[in-house]
Amino acid sequence: MIATIQYNSRKLNIDLSKPLDISIPIRHGVKNVNAWYIGPPKIEAEVFDNETISVAEGASVNFNTITFNPHAHGTHTETVGHITEKPYPITKVFKSSFFLAEVISVAPEKLMKDHIISAKQLQFAIGNKKLDALIVRTLPNIKDKKTMQYSNTNWVYFTEDAIKLLVKKGIKHLLIDLPSIDRERDGGELKGHNAFWNTAGELRLDATITEFIYVPNKIEDGTYMLNLQIAPFENDASPSRPVLYKIIE
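Criteria and thresholds
- Residues numbered from 1 in each chain as written.
- Predicted model: local features only at pLDDT ≥ 70, side-chain atom pairs only at ≥ 80, totals over all residues.
- Heavy atoms only, no water.
- Pairing = 2+ DSSP bridges.
- Helix = DSSP H or I, 4+ residues; strand = E, 2+ residues; numbered from the N terminus.
- Contact = heavy atoms within 4.5 Å.
- Axes fitted to C-alpha atoms, helices over the stretch in contact; angles between N-to-C directions.
- Core = buried A, V, L, I, M, F, W, Y, C linked by side-chain atoms within 4.5 Å.
- Buried < 20%, exposed > 50% of the residue type's maximum accessible area, 1.4 Å probe, protein only.
- 1 Å grid on protein atoms, 1.4 Å probe; cavity = no way out; pocket = protein on both sides within 12 Å on 5 of 7 lines; lining within 4 Å.
- Points joined across faces, edges and corners; volume = space filled by probe spheres on them.
- Nonpolar A, V, L, I, M, F, W, Y, C, P; charged D, E, K, R; others polar.
- Patch = residues over 30% accessible without salt bridge, like charges linked within 9 Å, V, L, I, M, F, W, Y side chains within 5 Å.
- Areas by Shrake-Rupley, 256 points an atom, 1.4 Å probe, with all protein chains shown as cover.
- Salt bridge = Lys/Arg side-chain N within 4 Å of Asp/Glu carboxyl O.
- Lys, Arg positive; Asp, Glu negative; His and termini not counted.
- Charge placed at Lys NZ, Arg CZ, Asp CG, Glu CD.

## Focus: the sheet that holds strand β10 (residues 109–111)
Link 1 in the chain: Read from one edge to the other, the open sheet built from three strands follows the order β10-β11-β13, with strand pairing classed as mixed. Since the sheet does not close on itself, it has two edges, and those belong to β10 and β13 (157–158), each with one partner.
Link 2 in the chain: Sitting on the sheet, helix α1 (residues 119–126) touches β10, β11 (114–117) and β13, and the angle it makes with β11 is about 35°.

## Comments concerning the environment of Ile 213
Link 1 in the chain: Within the secondary structure, Ile 213 is located in the loop between β15 (208–211) and β16 (222–230).
Link 2 in the chain: Remark: the alpha-carbon pair of Ile 213 and Asp 21, spanning 192 residues in sequence, is separated by 9.3 Å.
Link 3 in the chain: Apart from residues lying up to four places away in sequence, Ile 213 is in contact with Ile 22, Ile 24, Thr 75, Ile 135, Val 136, Leu 175, Ile 176, Asp 177 and Pro 242.

## Side note on the nonpolar core
Link 1 in the chain: Among the nonpolar cores identified, the biggest contains 26 residues, and Leu 122, Leu 134, Val 136, Phe 158, Ile 163, Leu 166 and Leu 174 are the most heavily contacted of them.
Link 2 in the chain: If you list the elements that add at least two residues to this core, you get β9 (98–106), α1, β12 (133–138), α2 (160–168), β14 (173–176) and α3 (191–197).
Link 3 in the chain: Setting aside anything within four residues of it in sequence, one finds Phe 158 in contact with Ile 117, Leu 122, Val 136, Ile 163, Ile 176, Leu 178 and Ile 181.
Link 4 in the chain: In this structure, Ala 133, Ile 213, Ile 219 and Leu 228 belong to the second largest nonpolar core, which totals 15 residues.

## Some words on the layout of surface pockets
Link 1 in the chain: Counted as a void, the largest pocket has a volume near 260 Å³.
Link 2 in the chain: Lining the largest pocket are 14 residues, and of these Met 148, Tyr 150, Trp 155, Val 156 and Leu 178 lie nearest its centre.
Link 3 in the chain: A class-by-class count of the residues in the lining of the largest pocket yields nine nonpolar, four polar and one charged.

## A closer look at the pairing of β12
Link 1 in the chain: Among the six residues of β12, six are classified as buried, and the element is accordingly described as predominantly covered.
Link 2 in the chain: The alternating pattern of β12 places Ala 133, Ile 135 and Arg 137 and Leu 134, Val 136 and Thr 138 on opposite faces, both of which are buried.
Link 3 in the chain: Two strands pair when backbone bridges link them, and β9 and β12 are joined in this way by six bridges, in the parallel orientation. Residue pairing for β12: Ser 105 is matched across the bridge by Arg 137.
Link 4 in the chain: Two strands pair when backbone bridges link them, and β12 and β14 are joined in this way by four bridges, in the parallel orientation. Within β14, the residue paired with Leu 134 across the bridge is Leu 174.

## As for a positive patch on the surface
Link 1 in the chain: On the surface, Arg 27, Lys 31, Lys 143 and Lys 146 cluster together into a patch of positive charge.
Link 2 in the chain: Position of Lys 31 relative to the elements: it lies in the loop between β3 (20–21) and β4 (42–45).

## Focus on the pairing of strand β2 (residues 10–15)
Link 1 in the chain: Strand direction decides the pairing type here: strand β1 (residues 2–7) and β2, joined by six bridges, are antiparallel. Along β2, the bridge assignment pairs Ile 5 with Leu 12.
Link 2 in the chain: Once β1 ends, the chain turns through two residues before running back antiparallel as β2, passing Asn 8 with a positive phi of about 55°.
Link 3 in the chain: Of the strand pairs in this sheet, β2 and strand β17 (residues 237–248) are connected by two bridges, and their pairing is antiparallel. For Asn 13, the partnering residue across the bridge sits in β17 and is Ile 248.

## Quick word on the pattern of salt bridges
Link 1 in the chain: One pass over the structure, following the stated rule, counts seven salt bridges.
Link 2 in the chain: For Asp 114, the salt bridge is made with Arg 183, and the minimal N-O distance between the two is 2.8 Å. With a gap of 69 residues between them, Asp 114 in strand β11 and Arg 183 in the loop between β14 and α3 connect regions that are remote in the sequence.
Link 3 in the chain: Owing to a relative accessible area of 7%, Asp 114 belongs among the buried residues under this scheme.
Link 4 in the chain: Assessed through its relative accessible area of 30%, Arg 183 is described here as partly exposed.

In structure tokens form, the structure reads like this:
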């Protein structure tokens, strides 16, 4: 199933029958990826009048209630509304869900007790490419990322200059395999988030950050077409499913 997408002056061919899913699903229990000091998500059958509404328990249907936080439990996409008083729902952001994207792999640098991704590293990896979206895979790329309990780990983060570089390059959608672009404990400064959405000037209302992705090693660095799918929640963030398609030369 070959589709041709007109991107500016280029025609790009992709095979819609070969999607590359880079999302981490939400599942019940402690093996779900987690951050921000809260418990795991719950997917449990509802109980009415002491009757568990589950086929396994004799009911005619399964009727589960799901309790989760999009920022803490799995792949999610967020808007500037994550850090502003005025709400900016994720459902109002996208005019299109297809974007030209670059996958890069970066080995974080040591900075005192931290590990960071710097502007120099991003400049080297991206060069002068014109992109809508950037997908950052941190190294080493271990499968434990899909079940990691990140709270109190001082995870890898992006420097403020690194994020400002991405803004300067016009990147609207940043996807990372971490809980946040910012340091776990930064006193609420959120320098990366504020830089990405330009809260000191004209807000970048059409820009998004997607966190908690997982890019398998079989996916090579390079240029792809990204289909960024979101669940339709009227909220600053929603569970999402980013899917990549190889560009057929």
